[in-house]
Every structure is written in structure tokens, then in C-alpha cells.
Number of protein chains: 2
Amino acid sequence: MADTKAAASAGSNLLFLREEDIRAAQDLLFFAYRDFTNAADVILDELGLGRAHHRALHFIGRNPGIPVTELLAILRITKQSLARVLGALVEQGYVAQTPGQIDRRQRLLALTQAGQALERRLFERQRERLVAAYRDAGAPSVEGFRRVMRGIMDEAARAYMDGAEQSRSDQQRGRAVRPA
Amino acid sequence: MADTKAAASAGSNLLFLREEDIRAAQDLLFFAYRDFTNAADVILDELGLGRAHHRALHFIGRNPGIPVTELLAILRITKQSLARVLGALVEQGYVAQTPGQIDRRQRLLALTQAGQALERRLFERQRERLVAAYRDAGAPSVEGFRRVMRGIMDEAARAYMDGAEQSRSDQQRGRAVRPA
DNA sequence: CCGATACGTCAACCAGACTGCCGTAACTGC
DNA sequence: GCAGTTACGGCAGTCTGGTTGACGTATCGG
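Conventions used here
Residues numbered from 1 in each chain as written. Chains lettered and ligands numbered in written order. Predicted model: local features only at pLDDT ≥ 70, side-chain atom pairs only at ≥ 80, totals over all residues. Heavy atoms only, no water. Helix = DSSP H or I, 4+ residues; strand = E, 2+ residues; numbered from the N terminus. Buried < 20%, exposed > 50% of the residue type's maximum accessible area, 1.4 Å probe, protein only. Near = heavy atom within 4 Å. Polar contact = N/O pair within 3.5 Å; in protein donor to acceptor, adjacent residues only side chain to side chain. Nonpolar A, V, L, I, M, F, W, Y, C, P; charged D, E, K, R; others polar. Salt bridge = Lys/Arg side-chain N within 4 Å of Asp/Glu carboxyl O. Least-squares fit on C-alpha atoms with pLDDT ≥ 70 in both. Contact = heavy atoms within 4.5 Å. Phe/Tyr/Trp six-rings, centres within 6.5 Å; stacked < 30°, edge-to-face > 60°. Pairing = 2+ DSSP bridges. Axes fitted to C-alpha atoms, helices over the stretch in contact; angles between N-to-C directions.

A.B. asks: In this structure, what is going on with the environment of A:Pro99? I would like to understand it.
C.D. replies: All names here are of chain A. Topologically, Pro-99 is positioned in strand β2 (residues 95-99). What makes Pro-99 partly exposed here is its relative accessible area of 46%. A C-alpha to C-alpha distance of 8.9 Å links Pro-99 and Leu-109, two positions 10 residues apart in sequence.

A.B. asks: Help me out: how do you make sense of the protein's contact with DNA strand C in this one?
C.D. replies: The local shell around DNA strand C holds 24 residues, among which A:Thr69, A:Gln80, A:Arg105, B:Arg55 and B:Thr78 are the closest. Atoms of DNA strand C within 4 Å of the protein: sugar and phosphate make up 54%, bases the balance. Between A:Val68 and DNA strand C, the recorded distance is 3.2 Å, taken from a backbone N or O atom to a phosphate oxygen. At the level of secondary structure, the elements contributing two or more residues to the surface near DNA strand C comprise α5 (68-75) and α6 (79-91) of chain A together with α4 (51-62) and α6 (79-91) of chain B. At four residues, α4(B) tops the list of elements feeding residues into the surface near DNA strand C. Classifying every residue of the surface near DNA strand C by side-chain character gives five nonpolar, nine polar and 10 charged.

A.B. asks: Sorry, what's going on with the pattern of salt bridges here?
C.D. replies: One pass over the full model with this rule turns up 36 salt bridges over all chains. For B:Arg76, the salt bridge goes to A:Asp35, with nearest N and O atoms at 3.4 Å. Of this pair, B:Arg76 sits in the loop between α5 (68-75) and α6 while A:Asp35 sits in helix α2 (residues 19-38), which puts the two residues in different chains. In this structure A:Asp35 comes out as buried when scored by relative accessible area, which is 0%. A salt bridge links B:Glu124 to B:Arg127, with the nearest nitrogen and oxygen atoms 3.0 Å apart. Taken together, the positions of B:Glu124 and B:Arg127, both in helix α7 (residues 113-137) and three residues apart, correspond to about one turn of that helix. Because the salt bridges share partners, they merge into one network encompassing A:Glu19, A:Arg23, B:Glu119, B:Arg120, B:Glu124 and B:Arg127.

A.B. asks: Before we go on, may I ask you to explain the relation of the copies chain B and chain A in this structure?
C.D. replies: Put simply, the two copies of the chain differ by a rotation about an axis and a shift along that axis. Relative to chain A, chain B is turned by 180° and slid 0.0 Å along the rotation axis, the superposed coordinates differing by an RMSD of 0.0 Å. Expressed as a symmetry operation, the mapping of one chain copy onto the other fits a two-fold axis. Among all residues of chain B, the minimum C-alpha distance to the rotation axis is found for B:Phe145, at 1.9 Å. Interface overlap between copies: 100% of the residues of chain B at the interface are likewise at the interface in chain A, consistent with a symmetric, same-surface contact.

A.B. asks: Just to check I follow, could you spell out the packing of aromatic side chains for this structure?
C.D. replies: The relative placement of two aromatic rings is captured by the distance of their centres and the angle of their planes. A full pass over the atoms with the stated rule returns 13 aromatic pairs over all chains. Between the aromatic rings of A:Phe59 and B:Phe31, the centroid separation amounts to 5.7 Å while the plane-to-plane angle is 55°, which identifies the pairing as tilted. Taken together, the residues span two chains, with A:Phe59 in helix α4 (residues 51-62) and B:Phe31 in helix α2 (residues 19-38). Taking the relative accessible area as the measure of exposure, B:Phe31 reaches 2% and is therefore buried. Ring geometry for B:Tyr134 against B:Phe145: centres 5.9 Å apart, planes inclined by 70°, an arrangement best described as edge-to-face. Here the residue B:Tyr134 occupies a position in helix α7, and B:Phe145 occupies one in helix α8 (residues 139-152), the gap between them amounting to 11 residues.

A.B. asks: Before we go on, may I ask you to explain the sheet that holds strand β2 (residues 95-99) of chain B in this structure?
C.D. replies: Whenever strands of a sheet pair, they do so through backbone hydrogen bonds, lying parallel or antiparallel. Residues and elements named next belong to chain B. Sheet architecture is open: three strands sit in the order β1-β3-β2, paired in antiparallel fashion. Edge positions in the sheet fall to β1 (66-67) and β2, since each has one partner strand and no second. Relative to the sheet, α4 contacts β1, β2 and β3 (107-111), its axis offset from that of β3 by approximately 100°.

A.B. asks: Got a minute to help me understand the side chain of B:Glu119 in this structure?
C.D. replies: Inspection of the secondary structure assignment puts B:Glu119 in helix α7. We classify B:Glu119 as buried; its relative accessible area is 5%. Other than its neighbours up to four places away in sequence, B:Glu119 contacts A:Arg23, B:Leu57, B:His58 and B:Leu111.

Below is the structure:
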């Protein structure tokens, strides 16, 4: 049944959006996210950390030298919520805070060696799942996935992702993006 | 930059999975899920309900007559956690419990008229986002999205989704699936 | 110099998850 | 027909991770 519908729509660009299709999309998001996040839980439990810590580690790792306010905007949580999580990560030596050179009010966040190591362990768990899914689906599906996911998120999130990617490739070419 | 990579890989089935691609997938999942769930929050806040209530409403609506244990397995929460949420929904007249005919230990869950109405309001908010994303991406991308998302989730979740879809089309043809 | 900003912090609260334990009703297999 | 298992509900207590509001300090910028 699934394949009938899939085959019918896969070739054309015409969209017949039945309510069922949208409800199925809700299911997809719920289950994929549930099991994606769950993949790292074993390691987190070992260390007595939670998903909130993982999210912080992830985005600090991806944006070394990120100021607190920017991280807050990404996570969409309050200063207090982040403070607890960040406090634990700093205390346990996973995250380092360095005063900004340009704006000295800022406390720029980055992973320590230990933080990078931990983040990598967590990453590997999720990587397995994602790689498997990507390989099974194939490159064109992956591109479709990317397009739809970008469409679901807020414009601001799309802009952030583009900006961040830009920064990373700039960095690659030796240009400093976020003065550590 | 994004388009260079996209153009390079969109045509072929060859996958060059850089670490950056996988990390970008993590970002995609985080942001898409964050904004997808957020879409219904306004309405939930009005009614003093939370996301937990929404999830329950969604899956009860999609599986009328679902027994408690099955709902627990889908949500991956404990009896106690569900009890509180379900208690509120029953008390406020959104969900009805009816003893199972075949197995009278079961309390089969279904949305009341009010529950259906509420679920629909919540659904509409998320629907807007999903429809927009689907339309912008186009049918082939949607199919790719579906394939990747299915790949990310557990085998059990895939099986559930297939089973549920099967049930729904059976129902359409007049066969009783879950004796209310 | 003064207002806005970046950040930290205290206190209190709340949602939503968890555990362990107990109880009742009903199904099921021998 | 009884014994063991299952489906469900409920109590008590705990934990994570989110919230608000208020306040303080350092720094930036016009």
C-alpha cells in the first residue's frame, strides 16, 4: 500500500496532499526524532548527563567560540535553564568559557579536549543511525529529506544553518570567523 | 555552497558522507522538530495543556480504540506519566475510555467530539507548516524525506506505521480493525 | 556619562518524565 | 477450576529540565 502511493507520486512533481499524508508526516517526525535522540541516551546515562547537556555540547561543538546569547537563541530556552546545564558542563571540564576579545562582556563557549571526546562518543551513536538511513535511502532521497526538513523549520533557523555553513567553509580557507 | 553540494549529489545515487553532512543532519532534525512541535503551542497554552497532551491526543486520534498498553509503547513513557496526562484529557472530556469487548481488562481509548475538535485545531497549525514544506520541496523530495525518516526510526516504529496504515485502509473498506 | 546589552545568580515554581510498590479484575493454560 | 500472567489504576517520592521575576555587575556605544 505504501509502495503504491510511493510509486504513484515519486516520479512526478504533482502533489496530492491527502490529510492522511500530513498526519503520516507527523508520525514520521515523532518517531524519527524519538529514536534519533534516544540513540545517545545510553552514554548520557553512564555519565549522569541528560539530553539538555547533549544539545548544548552539540551546538557548542559546532560553533566554537559561540557567545551565550546566541546559544540561547538556538536552543530556545531561558538563561536559567542554560545556566544549570552549562554550569555542570564547565564544572566537569567539558566546556571552557573565555572572555571575548572584541566584546569583553561576552563569555565565548568552546569544548575542551574532554568535551570534544565526549561529544564524539555521543555523535558516533547518532551517526550510525543517520548513515544507515542515508545509505538505504540513497543520495536523491537525502537531498529531498534536506529540502523538506529545511522547509519545516523557521526561516530564522534556515538562515542560521546557512550562516553557520558559510562560517565553516570560511574557516576552512583560513579566515577567522569567531575570534576565540 | 549549499547548492553546489546539492547539485553535485542530487543526480547520482552515490553518497559521499562527510562528517559535516551527518552533523548537518543532526541540526536538521533538531530545528525541524523544534519548530514543528512549537507550531501547536499557542493553542495548547490557551487551554493550559502541554505537548504531552498533544502527543496523546494525536495518537489516540490516529488509533481510535487503542488500548493503553499500546499507547504506552508508542509514546515510550511509563504508565504513571501517561496516567496524569490521560486523566486530564478524560476529565476535560477530550478522551473517552470504553472497556474492551473481547478483552474486558482493556480500556480502549478514543477521542470524544470535543477531543476531535481540539485535535483538529492543533493539527491545522502543524499542517500549515508541513504543507508549505511539502509544496516547496516537491513530490520527489517528499518521498525522499519519507524514506530517510523511516530509516532513522527503529524497525519497530516502521512496523507500527505500516501496520497502522494497513488498518486504516482496511477500515476504509469496511472491515473492523479495532472493535470499539 | 548614560542607556542598553551580555552575562550571572537567587528563589520559586511547574511540566513531565521516572521508580517501586500495591491492588483488582480478567484472561489463559494446564 | 485454579494458578499464573496480563491490563490497568493509583500512591508516594524523586529527578530533569523547563519557566518567571528580580537584581547585580561589567562593558559597550552613542
